[in-house]
Amino acid sequence: MRLQIKNGVVFDPLNGISGEVMDIFIEDGKIVEECKAERIIDASGKLVFPGGIDIHAHVAGPKVTSGRILRPEDHRIGVEKRWNGIHSGTGFSIPSTRVTGYRYARMGYTTVIEAAMPPLEAKHTHEEMVSIPIIDNAALTLFGNNWNVMELVRNEDYDSLSSFIAWMLRTTKGFGVKLVNPGGVENWGWGKDVDSIHSKVLHFDVTPAEIIRSLAIVNDRLKLPHSIHIHFNNLGHPGNYETTLESMKLVEDLKGERQSMHATHLQFHSYGGEKWKDMCSKSEEIAKYINKHEHITADMGQVIFGDTTTMTSDGPMEFSLYKLSGRKWSNHDVEIETGAGIIPVFYSSKNAVNSIQWAIGLELGLLIEDPWKIFVSTDHPNGGSFLFYPYIISWLMSEKRRKRTISRIHQAVNSRAILGSIDKERDFNDICIMTRSGPARALGLHKYGKGHLGVGADADIAIYDIDPKDVDPSEESNKILKAFRLTHCTIKGGEIVSRGGEILSSVDGKTIWCNPYLRNDEFEKIRKRIERKFYLNYTVSLSNYPVFDAYVPNPMEIRIEVS
Amino acid sequence: MTLHTDVVCPFCGCLCDDIAVEVENNEIIEVKNACELGYSKIVNHLERYRSPMIRENGKLKEVSYDDAIEKIAEILSSSKRVLYYGWSNTTCEAQKIGIHLAELTGGVIDNTTSVCHGPSVLAIHNVGYPGTTLGQVKNRANLIIYWGCNPLAAHPRHLSRYTTYPRGFFRQKGYEQRYLVVIDVRETDTAKIANKFIKVRPNSDYAVINALRAILRGHEDVIPPEVGGVPKEELVKLVERMKSAEFGALFFGLGLTMSRGRYKNIENAIKLVEDLNRYTKFTLTPMRGHYNVTGFNLVCAWETGYPYGVDFSKGYPWYNPGETTAVDVLLRGDLDALFVMGSDPAANFPKEVLKKMSEIPVILIDPFPNVTSSFADVIVPSAINGVEAEGTAYRMDSVPIRLRKFIETDFLSDEEIMKRIYESVERRLKG
Ligand code: SF4
Ligand SMILES: [Zn+2]
């Protein structure tokens, strides 16, 4: 259908447009200069953004479904009935796949990056991504604890390492290179962890620092659109900000066209103190570093008060959380590659640590000045559900609203965090960058039609029922909250998929994946290398290991040619 | 002649994917590497149906696929409440459509979990699941425990491929570097080859696990000289062995889930494994039977939020094991029809349930005649998954593996049959 969005107040930071009243034309799923529209959407007095992009969420795959099976109680809420050909579903922090897609679409999000795909179980991740309607998905393949990676890093064999990464992305239909507690999850195979980025991984004679730097080098050699995407060592431990700073410094010299490292759920990595008793915010130190350097992007990993489910590939971290909470615990080690842990959690506003955690996320969102470097996320569902993004936006835009929340939570937030002293407020342009254009650029997807509204871009568009000229976000934060919860309408690939919260059309989303260039002889060499050891170490055959085309019925393959 | 290697065995939850099959003129000449169970499943000399059938005046009459599918659609679209049961011997692709069909018609969907590892799933809901893929065990474990199961009979290659005999990265000497313990109420074949067999009095597993946990937590003093038929010193020794293992793996079967205590046994076993992780590395894995029983639990959980026994009569997924599970739904007697795919409920459901089955239309989709066939009013023969049709299955440790197809057939695959039924029912409900 040919569409015209008329008189909207348009924000398109990648094209330098900030709050201009203009028309947007859509034809064949793309944005065009102009066309004869069959349908006109009157957007006067409404906010027009590119479709939202979640750079880091856990929405599909083995860990998410382990979480669902661990927590039937989570599915007693968030119940949605089948309606008019639209599927039913359940769940709040770990919603079933169908409603996951609907909920993102209602909020104006059209692309979501699944943050952790274990290669051996990549088929599972893909099966679920295909079951999530409307939104485009991409999955980050886990590399930080892979035996082949560690061996090649130890040998400093960067040629083979880049062939291996290329081969694996192709084999798993993955989008990028993810590291989770590099080295630590391998040690968890023996019930242990690593305590610093310079301690050796048991039996492998490498350090997390070496793994991080080598993967960053190789990632850039392969010219992947996204940088390495890292969940640092020591997540969630008091005093871990030093590990975070050290890890970021490892790749300081590697900055090229884009960042050399995406630091995910940074909130969980910005803690000072030595014990939980004196744990405090170190967001200032972290922000200062990122403000001074150009090689880092990050997402917030905001914590939201209430019940949620934590799930990461960081097996040892989840077990230590379990020992603190004592509720229930699932674990899933994946041979040769990675692990996973899942526990339910309740972030309480009466709890000192949780209140400080809440503050740190927002501090990072405000103190990291350049909105192109820090993006909105809850590390869904670890800090809270993605459904709370509108709350985060309203906090970022209103000091008053933050103060109000601060007055209601544990007062350690005033002594051991600094949010109360920050008066910065984000504007609509910043929010547009932090929720779509920024993630698009950090992912390299802006070159493939995402995160902007220029001619040729994918027609993924969110229209919100709020007029930036008519509202004072600082004073009227409730209006902001309300507007960002449900779009006036969401357009995906040129189709109106949601209007006022009602799902109109359940189109299939695409699976975005990267196919890096690999010379034939390199390909053969690495295949031989893998083949030799595959039979001995794995419990499936090499020929049954790949994600076959049948699992990606709607691919958006990004082929990377090396000039 | 064509040699197919790395074929996946579609029989038990081991899902061995190293089978070699020689095919000539679309016939299987030889099968290598499979155990006897797998061999006979792949070669299969069982009788097949020749065509779809509909029962008329008590007699089954051969009809076309189209006629059978239309008949099924007619029954499903005119029923108020249908139970969709089975699913453990079919592909995830067919299961997914089955779940949507249940949603479309407001029915109940359940798989064989409710009559086998249902208690394990309930225990997981309560206390969690410290699991692993089997390769982690192969590469690292030096203590293997089988509790209430006899893999040599039910999962014949489990020991040789995954746990006890194979060489692993950190266990280059294989068997020599591992210690095998079997805990059971009788001395099974597996018990006979174990380094240590611990015989438990029937229905005493719960007490034995309790004693192990108490000893582990340093309360050895309160343990009586004998628990569940096991001398105290044996239990103390076992705890020592568990604590000092570099990597321990506990596997359990229906002997634990179906004996007195049921889900409480499993809860306790999970708790034991959690406790052990404070000392060393320990994992737990249920020995799932059918080759894709695990797959159903996963697909059902991601599509609906719940792993089995889902009722759509309210328009959204509702789960309450004991109420929304197959036997309970059948016994209540408010069903209009029973739809069975990939299972033979009549072979193991209780008598009262069979009586209820005989009172309603039964639809059966399966490659082979089975006990349920005699209850069926419509029978649709399907291709054999993993031989004549491809698709996804999940191993007992949740690793997905794609079943291969190496024999051509005119039989439709489960997936294709489900697709056609769904489309026809949808058309009728709209029309
Ligand atoms: S152990 Fe199971 S999967 Fe393996 S060959 Fe035997 S029956 Fe087939
Ligand atoms: Zn994450």
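Since the model is a prediction, treat every value here as computed from it, not as a measurement.

Participant: An account of the interface of chain A and chain B is needed here, citing residue identities and associated values.
Facilitator: How big an interface is tends to be reported as the loss of accessible area on association of its parts. Taken together, the contact pairs 58 residues of chain A with 66 residues of chain B. Across the chain A/chain B interface, buried area totals approximately 5,300 Å², and carbon plus sulfur atoms make up 52% of it. Counting the surface chain A buries against chain B, the share from its top three residues, A:Ile69, A:Trp190 and A:Thr539, is 13%. Taken together, the links from chain A to chain B amount to 3 salt bridges. With its nearest N and O atoms 2.8 Å apart, the salt bridge here joins A:Glu186 to B:Arg140. Taken together, the links from chain A to chain B amount to 44 residue pairs in polar contact (both at pLDDT 80 or more). Mapped by element, the contributors of at least two residues to the side of chain A that touches chain B are helix H1 (62-70), helix H2 (97-106), helix H3 (122-131), helix H6 (184-188), helix H10 (315-325), strand S16 (329-333) and helix H17 (520-537) of chain A. Residue composition of the side of chain A that touches chain B, grouped by class: 22 nonpolar, 21 polar and 15 charged. Strand direction decides the pairing type here: S16(A) and strand S8 (residues 128-132) of chain B, joined by 5 bridges, are parallel. Each bridged residue has a counterpart across the sheet, and for A:His332 the counterpart in S8(B) is B:Gly131.

Participant: Explain the coordination of the zinc ion (ligand 2) residue by residue, including any values.
Facilitator: Residue and element names in this part refer to chain A. Every protein donor of the zinc ion (ligand 2) is accounted for by His56 (NE2), His58 (NE2) and Asp379 (OD), and the metal-donor separations fall at 2.1 Å. Mapped onto the sequence, the donors of the zinc ion (ligand 2) take the spacing H-x1-H-x320-D. Remark: Asp379 occurs in the loop between strand S18 (374-375) and helix H12 (389-397) and His56 occurs in strand S6 (residues 52-57); sequence separation between them is 323 residues. For the residue pair His56 and Asp379, the accessibility class agrees, reading buried in each case.

Participant: Explain the pattern of salt bridges residue by residue, including any values.
Facilitator: The tally for this structure, following the rule as stated, stands at 62 salt bridges over all chains. Residue B:Arg332 is joined to B:Asp334 by a salt bridge in which the shortest nitrogen-to-oxygen separation is 3.9 Å. Measuring nitrogen to oxygen at the nearest pair gives 3.1 Å for the salt bridge that ties B:Glu416 to B:Arg420. Placement of the pair is B:Glu416 and B:Arg420 together in helix H17 (residues 414-430), with a separation of 4 residues, close to one helical turn. For B:Glu416, a relative accessible area of 26% gives the class partly exposed. In the salt-bridge network here, residues are joined through shared partners; they are A:Lys30, A:Asp136, A:Lys450, A:Asp458, A:Asp460, A:Lys492 and A:Lys510.

Participant: Any chance you could break down unusual backbone geometry for me, citing the residues and the numbers?
Facilitator: The residue after A:His380, namely A:Pro381, is reached through a cis peptide bond having omega -5°. Of note, the phi angle at B:Asn57 is positive, near 50°, even though the residue is not glycine. Tracing the chain through its elements places B:Asn57 in the loop between strand S4 (53-56) and strand S5 (59-62). Despite not being glycine, B:Ser398 shows a phi value in the positive range, around 70°. Within the secondary structure, B:Ser398 sits in the loop between strand S21 (391-394) and strand S22 (400-403). Given the relative accessible area of 15%, B:Ser398 is considered buried.

Participant: Lay out helix H9 (residues 205-216) of chain B in plain terms, naming residues and giving numbers.
Facilitator: All names here are of chain B. Under the 1.5 Å per step criterion, the end-to-end length of H9 is 16 Å for 12 residues, consistent within 8% with the ideal 16 Å. Burial of H9 is extensive: 9 of the 12 residues sit out of reach of the surface. Among the residues making up H9, those that are buried are Asp205, Val208, Ile209, Ala211, Leu212, Arg213, Ala214, Ile215 and Leu216. Its buried side turned inward, H9 meets strand S9 (143-147), strand S12 (226-227), strand S13 (230-231), helix H10 (232-244), helix H11 (254-257) and helix H12 (263-276). Looking one or two residues beyond H9, the residue adopting positive phi is Gly218, at roughly 85°.

Cut-offs and rules
Residues numbered from 1 in each chain as written. Chains lettered and ligands numbered in written order. Predicted model: local features only at pLDDT ≥ 70, side-chain atom pairs only at ≥ 80, totals over all residues. Heavy atoms only, no water. Contact = heavy atoms within 4.5 Å. Buried area = accessible area lost by both parts, 1.4 Å probe. Salt bridge = Lys/Arg side-chain N within 4 Å of Asp/Glu carboxyl O. Polar contact = N/O pair within 3.5 Å; in protein donor to acceptor, adjacent residues only side chain to side chain. Helix = DSSP H or I, 4+ residues; strand = E, 2+ residues; numbered from the N terminus. Nonpolar A, V, L, I, M, F, W, Y, C, P; charged D, E, K, R; others polar. Pairing = 2+ DSSP bridges. Donors = N, O, S within 2.8 Å, 3.2 Å for Na, K, Ca; no water. Buried < 20%, exposed > 50% of the residue type's maximum accessible area, 1.4 Å probe, protein only. Expected span 1.5 Å × (residues − 1).

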